[in-house]
There are 2 protein chains.
Amino acid sequence: MKPTNRRNLLTAAAGGGVAAAVSTIASPAIAQTAPTIQWRITASWPKSLDTLYGAVELLSRRVAEISDNKFKIQVFAAGEIVPGLQALDAVQSGTVECCHTSPFYYYGKDPAFAFGTDIPFGMNVRMRNAWMYHGGGLELMNEFHKSYNVMFIPAGNTNAQMGGWFRKEIKTLDDLKGLKFRIGGIAGLIMSKLGVVPQQIAAGDIYPALERGTIDAAEWVGPYDDEKLGFVRVAPYYYYPGWWEVGPTVGVFVNMQKWQTLPPAYQAMLQVASAEANQWMTSKYDALNPPALKRLVGAGAQLRSFPPEMIEACWKLSNEVLEDISSKNAVFKKIYDHFVAFRNDQYLYTQVSDLSMDSYMVRLRNLRK
Amino acid sequence: MKPTNRRNLLTAAAGGGVAAAVSTIASPAIAQTAPTIQWRITASWPKSLDTLYGAVELLSRRVAEISDNKFKIQVFAAGEIVPGLQALDAVQSGTVECCHTSPFYYYGKDPAFAFGTDIPFGMNVRMRNAWMYHGGGLELMNEFHKSYNVMFIPAGNTNAQMGGWFRKEIKTLDDLKGLKFRIGGIAGLIMSKLGVVPQQIAAGDIYPALERGTIDAAEWVGPYDDEKLGFVRVAPYYYYPGWWEVGPTVGVFVNMQKWQTLPPAYQAMLQVASAEANQWMTSKYDALNPPALKRLVGAGAQLRSFPPEMIEACWKLSNEVLEDISSKNAVFKKIYDHFVAFRNDQYLYTQVSDLSMDSYMVRLRNLRK
């Protein structure tokens, strides 16, 4: 149908009383003074993780700036209002209006929360953004989040993570048997099928556990964050890639009722500031990680790639585990199938695009002088 | 020095008349009603390039939303106010307040404009963002842009481009001799050293020139944009990678005087909306390109990688050309040296990070069923 025809049809249908109503709707709303609104955002991060926490501060500062300080979102670190892993609960119940967290942390409530962050062998940062913003991924997840009385807005990414710090080298699958590895969630489950004994240990306790040999290995984030915890001194083998966190998104969960009471301009402010924070965190980590890795290598880190046979085994086990969850959870299955179809196209295309070019660049740099 | 000491020092130094001045500065400004401001942005794109042009529309819409329609930026397509390639001139002179363009287009004014977009064998989207936002790249470029009475804000990226459409296969360096290739700028100069005859042809004229054989090949952008121009029907060999545009940024040039008259809240609005547009365009292209490539292959496109010997030759020639420009242009040299040092670290790190993981994913997908 041509636009002109469509307009005629609408005009024709709108005769009589309907026309009057349309006219009322079309007249501009009387300009209201922008209200002063004070929100609180609870972060799942301590202030020391200045990239993760820094994104929340940026978000808060930006919203204040563009609203001329009329919309203020006060930032609280993990533990100041609620513990880091209870951020979502505080938003659900309305204790705070919103939080900045990793959706994966709420995997125990429903495995479908994982898609907000990433799944093992998931998608890289760019692919995830494409899926969420333009591929229908965010809508799909927020349909699910509704039942928890929240909506999710992406606002950060740690980028592809490292595989972690090991006290000894991993040369074969046999080296994984009995290995006490600080790793959680689905990845821990997958690795347990290879004989790994997954450990749950809070950040501050990892270093002494590695030092004493209570655990054999630990994964955290990437060079910039890992450096702060000093693992290089007690577990020098630094493995890659962290296949369980390929492009882990973090972001804002907003209480649905609180969201609905926000003026549209303020809703837009939260969205645009979150989008900026998303890009900011990725580019901040991208800027900080390479020099941090160089410092770590200077301090004795031994870079190692996981053995290919291990990656392949984990890939197969990962697919089995994810398909098993799918078979028992219809929401998970719906998002998983959508995610996998999108991922397939992405990895097909990157072979003639960024991956091809980046691979050339790595080789060409060696030809230079 | 501890923060407390520093504060004491400042207090001590601020005695007497200075203290009074500080007190005046510290008191909050009287709240002003946000002014209604109407700007114009001229794009270098036709409306048909809905990803490039779409980013400008998003930027304009977002600024209107978050300002409650008090800050309006009206969008004009290429040719409506000035031709696409004169967008910067219109901003410099104050004909319009700002434009959305590719800085590279102004290479003829000064080669240093190239860094705003990308240089051959430059950096991918993420690396460029890291360099610009967190590596000092944007400050460095804007020092240079000052002399043109403008400042630059990144607001989009086409992502790694394809190498273009060829009527015949390129199997050796000899196949490039005498090849009439629609390609411009530094890349054209580099390829001319391999015998290519670079051609400058406007978008609308490329198809008939390829069809008649007036030219042998043409590069445009990537699958989604290329598909619209129908090249697959007349030059089926679709080459990659487009080493001359690895992560080409586009963005907003703002007239310096106009920028300085903007209230701080409106300056922040333009920055945050540009940041969102930057991420939006990358993720939009990332979502659109893979299905477009599949359609093109279905329509007969023959995917080909440029011969490695050609890529290597172009890499060497590119370094020679860029170093030659550096030797003659101090501003170019300053930015180039900074860019190259940053790029080296980026490609070092991606080998244990995204590039490693993405390479695994490409291989692992083939193991799946």
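Refer to the structure above for everything that follows.
The sections below set out a description of the structure shown in this document. Within any chain, residue numbers begin from 1 and follow the written order of that chain's sequence. As a convention, the first chain written is A and the first ligand written is 1, with the rest following in written order. It should be noted that, the model being predicted, local features are given only for residues of pLDDT at least 70 and side-chain atom pairs only at 80 or more, the latter also being counted only at that level, while totals for whole chains, interfaces and linings use all residues. Side-chain numbers here rest on the full set of heavy atoms in the structure, without hydrogens or water.

## Overview of the overall build of chain A
Alright, step 1. When helices and strands are tallied, chain A shows 15 helices and eleven strands.
Alright, step 2. Structurally, chain A occupies a C-alpha span of about 80 × 55 × 45 Å along its principal axes.
Alright, step 3. When accessible area is computed with a 1.4 Å probe and restricted to protein chains, residues below 20% of their type maximum are described as buried, those above 50% as exposed, and intermediate ones as partly exposed. Considering chain A as a whole, with its 369 residues, one finds that 58% of them fall into the buried category.
Alright, step 4. Contacts were defined at the residue level, with two residues in contact if any of their heavy atoms lie within 4.5 Å. The contacts of chain A with a sequence gap of at least 6 include a subset with a gap of at least 24, amounting to 77%.
Alright, step 5. The method behind every accessible area is Shrake-Rupley, applied with a 1.4 Å probe, and residues are considered shielded solely by the protein chains displayed. Summed over its atoms, the accessible surface of chain A is roughly 14,800 Å², and 54% of this surface lies on carbon and sulfur atoms.
Alright, step 6. In this tally, Lys and Arg are treated as positive and Asp and Glu as negative; His is ignored, and so are the chain termini. To locate a charge, take NZ of a lysine, CZ of an arginine, CG of an aspartate or CD of a glutamate. Averaging the locations of the 37 positively and 33 negatively charged side chains of chain A gives two centres separated by 4 Å. Here a strand is any run of E in DSSP of at least two residues, a helix any run of H or I of at least four, and the numbering for each starts at the N terminus.

## Focus: the pattern of salt bridges
Alright, step 1. Any carboxyl oxygen of Asp or Glu that lies within 4 Å of a side-chain nitrogen of Lys or Arg is treated as forming a salt bridge with it. Scanning all chains against the criterion turns up 36 salt bridges over all chains.
Alright, step 2. One salt bridge in this structure joins Lys334 of chain A and Glu143 of chain A, with 3.2 Å as the shortest N-O distance. Of this pair, Lys334 of chain A sits in helix α14 (residues 330-350) while Glu143 of chain A sits in helix α7 (residues 137-145), and the two are 191 residues apart along the sequence.
Alright, step 3. Exposure remark for Glu143 of chain A: the relative accessible area of 46% places this residue in the partly exposed category.
Alright, step 4. Residue Arg62 of chain B pairs with Glu276 of chain B through a salt bridge whose shortest N-O separation is 2.7 Å. Of this pair, Arg62 of chain B sits in helix α3 (residues 52-66) while Glu276 of chain B sits in helix α12 (residues 264-298), and the two are 214 residues apart along the sequence.

## Some words on helix α8 (residues 185-192) of chain B
Alright, step 1. Here α8 of chain B has its buried residues at Ile186, Ala187, Gly188, Ile190 and Met191 of chain B.
Alright, step 2. Residues of α8 of chain B that are buried sit in contact with β6 (180-182), β7 (197-199) and α13 (308-328) of chain B.

## Looking at the sheet that holds strand β2 (residues 71-76) of chain B
Residues and elements named next belong to chain B.
Alright, step 1. In this description, strands pair whenever DSSP reports at least two bridges between them. One open sheet accounts for five strands, arranged β2-β1-β3-β10-β4; its pairing is mixed. Because the sheet does not close on itself, it has two edges, and the strands there are β2 and β4 (150-157). The average undirected angle you get between the axes of adjacent strands in this sheet is 25°.
Alright, step 2. When β4 meets strand β10 (residues 249-255), the two strands line up antiparallel, connected through six bridges. Across the sheet, Ile153 pairs through a bridge with Val252, a residue of β10.
Alright, step 3. Simply put, an axis is a line fit to the C-alpha atoms, just over the touching stretch for a helix, and the angle between two N-to-C directions goes from 0 to 180 degrees. Lying over the sheet, α12 contacts β1 (37-43), β2, β3 (98-101), β4 and β10, oriented at roughly 30° with respect to β4.

## Some points on the packing of aromatic side chains
Alright, step 1. Two aromatic rings from Phe, Tyr or Trp, using only the six-membered ring of Trp, form a pair when their centres are within 6.5 Å; if the ring planes differ by under 30 degrees the pair is stacked, by over 60 it is edge-to-face, and anything between is tilted. Considering all chains together, one arrives at 54 aromatic pairs over all chains under this definition.
Alright, step 2. Geometrically, the ring pair formed by Phe71 of chain A and Tyr266 of chain A is stacked, given 5.1 Å between the ring centres and 5° between the ring planes. One end of the pair, Phe71 of chain A, is in strand β2 (residues 71-76); the other, Tyr266 of chain A, is in helix α12 (residues 264-298), and 195 residues separate them in sequence.
Alright, step 3. Arranged with centres 4.9 Å apart and planes meeting at 65°, the rings of Phe113 of chain B and Phe144 of chain B form a pair that is edge-to-face. Of this pair, Phe113 of chain B sits in the loop between β3 and α5 (114-117) while Phe144 of chain B sits in helix α7 (residues 137-145), and the two are 31 residues apart along the sequence.
Alright, step 4. Judged by its relative accessible area of 0%, Phe113 of chain B is buried.

## Re the interface of chain B and chain A
Alright, step 1. Tallying the contact residues gives 78 residues for chain B and 78 residues for chain A.
Alright, step 2. The buried area of a pairing is the accessible area, by a 1.4 Å probe, that goes missing from both parts when the two are put together, added over both. Buried surface at the junction of chain B and chain A, both sides included, amounts to about 7,300 Å², of which 63% is carbon and sulfur.
Alright, step 3. Considering only the side of chain B, the residues that lose the most area to chain A are Arg126, Gln279 and Tyr349 of chain B, jointly responsible for 10% of the buried surface there.
Alright, step 4. Linking chain B to chain A there are six salt bridges.
Alright, step 5. For Arg126 of chain A, the salt bridge is made with Asp286 of chain B, and the minimal N-O distance between the two is 2.8 Å.
Alright, step 6. Nitrogen and oxygen atoms within 3.5 Å of one another constitute a polar contact, given that in protein one can donate a hydrogen and the other can accept it, and given that sequence-neighbouring residues count only through two side-chain atoms. Counting the contacts that link chain B with chain A gives 27 residue pairs in polar contact (both at pLDDT 80 or more).
Alright, step 7. When contributions to the side of chain B that touches chain A are tallied by element, the ones reaching two or more residues are α3, α6 (125-134), α12, β11 (302-305), α13, α14 (330-350) and α15 (354-365) of chain B.
Alright, step 8. For the side of chain B that touches chain A, the leading source of residues is α12 of chain B, giving 20 residues.
Alright, step 9. Throughout this entry, Asp, Glu, Lys and Arg are counted as charged residues, while Ala, Val, Leu, Ile, Met, Phe, Trp, Tyr, Cys and Pro are counted as nonpolar. The remaining residues, Gly among them, count as polar. When the residues that make up the side of chain B that touches chain A are grouped by side-chain class, the tally is 41 nonpolar, 19 polar and 18 charged.

## Section: the environment of Thr158 of chain A
Residue and element names in this part refer to chain A.
Alright, step 1. On the secondary structure map, Thr158 appears in the loop between β4 (150-157) and β5 (164-166).
Alright, step 2. The class of Thr158 is buried, set by a relative accessible area of 6%.
Alright, step 3. Residues Thr158 and Leu52, spaced 106 residues apart in sequence, show a C-alpha to C-alpha distance of 7.9 Å.
Alright, step 4. Those residues in contact with Thr158 that lie beyond four places of it in its chain are Leu52, Val221, Pro248, Met281 and Tyr285.
Alright, step 5. Here the side chain of Thr158 touches Gln161 through a polar contact of 2.8 Å, side chain to side chain.

## Some thoughts on the relation of the copies chain B and chain A
Alright, step 1. Each copy is superposed on the other by least squares, with the fit set by C-alpha atoms of residues at a pLDDT of at least 70 in both. Expressed as a screw transformation, the operator carrying chain B onto chain A has a rotation angle of 180° and an axial translation of 0.0 Å, and the superposed copies differ by an RMSD of 0.0 Å. Considering both components of the superposition, the chain copies are consistent with a two-fold axis. Considering only C-alpha atoms, the part of chain B nearest the rotation axis is Glu276 of chain B, at 2.7 Å.
Alright, step 2. Residue by residue, 100% of the interface of chain B is reproduced at the interface of chain A, so both copies engage with the same surface.

## As for the sheet that holds β11 of chain B
Alright, step 1. If you walk across this open sheet you meet the six strands as β7-β6-β8-β5-β9-β11 (chain B), and the pairing is mixed. This sheet does not close on itself; its edge strands, each paired only once, are β7 and β11 of chain B.

## A word on α3 of chain B
Residues and elements named next belong to chain B.
Alright, step 1. Here a helix's expected span is defined as the number of its residues, less one, multiplied by 1.5 Å. Over its 15 residues, α3 runs 22 Å from end to end, which matches the ideal 21 Å to within 8%, given 1.5 Å per residue.
Alright, step 2. Burial within α3 is extensive, with twelve of its 15 residues counted as buried.
Alright, step 3. For α3, the set of buried residues is Leu52, Tyr53, Gly54, Ala55, Val56, Leu58, Leu59, Ser60, Arg62, Val63, Ala64 and Ile66.
Alright, step 4. Asp68 sits one or two residues past α3 and shows a positive phi near 55°.

## A look at the side chain of Arg182 of chain A
All names here are of chain A.
Alright, step 1. Along the chain, the position of Arg182 falls in strand β6 (residues 180-182).
Alright, step 2. For Arg182, the side chain forms a polar contact with the main-chain oxygen of Glu219, separated by 3.0 Å.
Alright, step 3. Sequence-distant contacts of Arg182, that is, excluding residues within four places in its chain, are made with Gln199, Ile201, Ile206, Ile215, Ala217, Ala218, Glu219 and Trp220.

## Some words on the pairing of strand β1 (residues 37-43) of chain A
Residue and element names in this part refer to chain A.
Alright, step 1. Burial runs high along β1: five of the seven residues are buried.
Alright, step 2. Direction of pairing for β1 relative to β2: parallel, over a ladder of six bridges. In the sheet register, Ile37 faces β2, and the bridge partner there is Phe71.
Alright, step 3. In this fold, β1 hands off to helix α3 (residues 52-66), which returns the chain to β2; that crossover is right-handed.
Alright, step 4. In the sheet, β1 pairs with strand β3 (residues 98-101) via three bridges, with the strands oriented parallel. Note on β3: the bridge partner recorded for Thr42 is Cys99. A clockwise path from the first strand over the helix to the second, with the strands pointing away from the viewer, defines a right-handed crossover.

## Description of the state of the cysteines
Residue and element names in this part refer to chain B.
Alright, step 1. Count a disulfide wherever a pair of cysteine sulfur atoms falls within 2.5 Å. Within the structure shown, the criterion is met by zero disulfides over all chains.
Alright, step 2. With no disulfide of its own, Cys98 has Cys99 as its nearest cysteine by sulfur position, at a separation of 7.3 Å.
Alright, step 3. Note on Cys98: relative accessible area 0%, which makes it buried.
Alright, step 4. Overall, the relative accessible area of 0% leaves Cys99 in the buried class.

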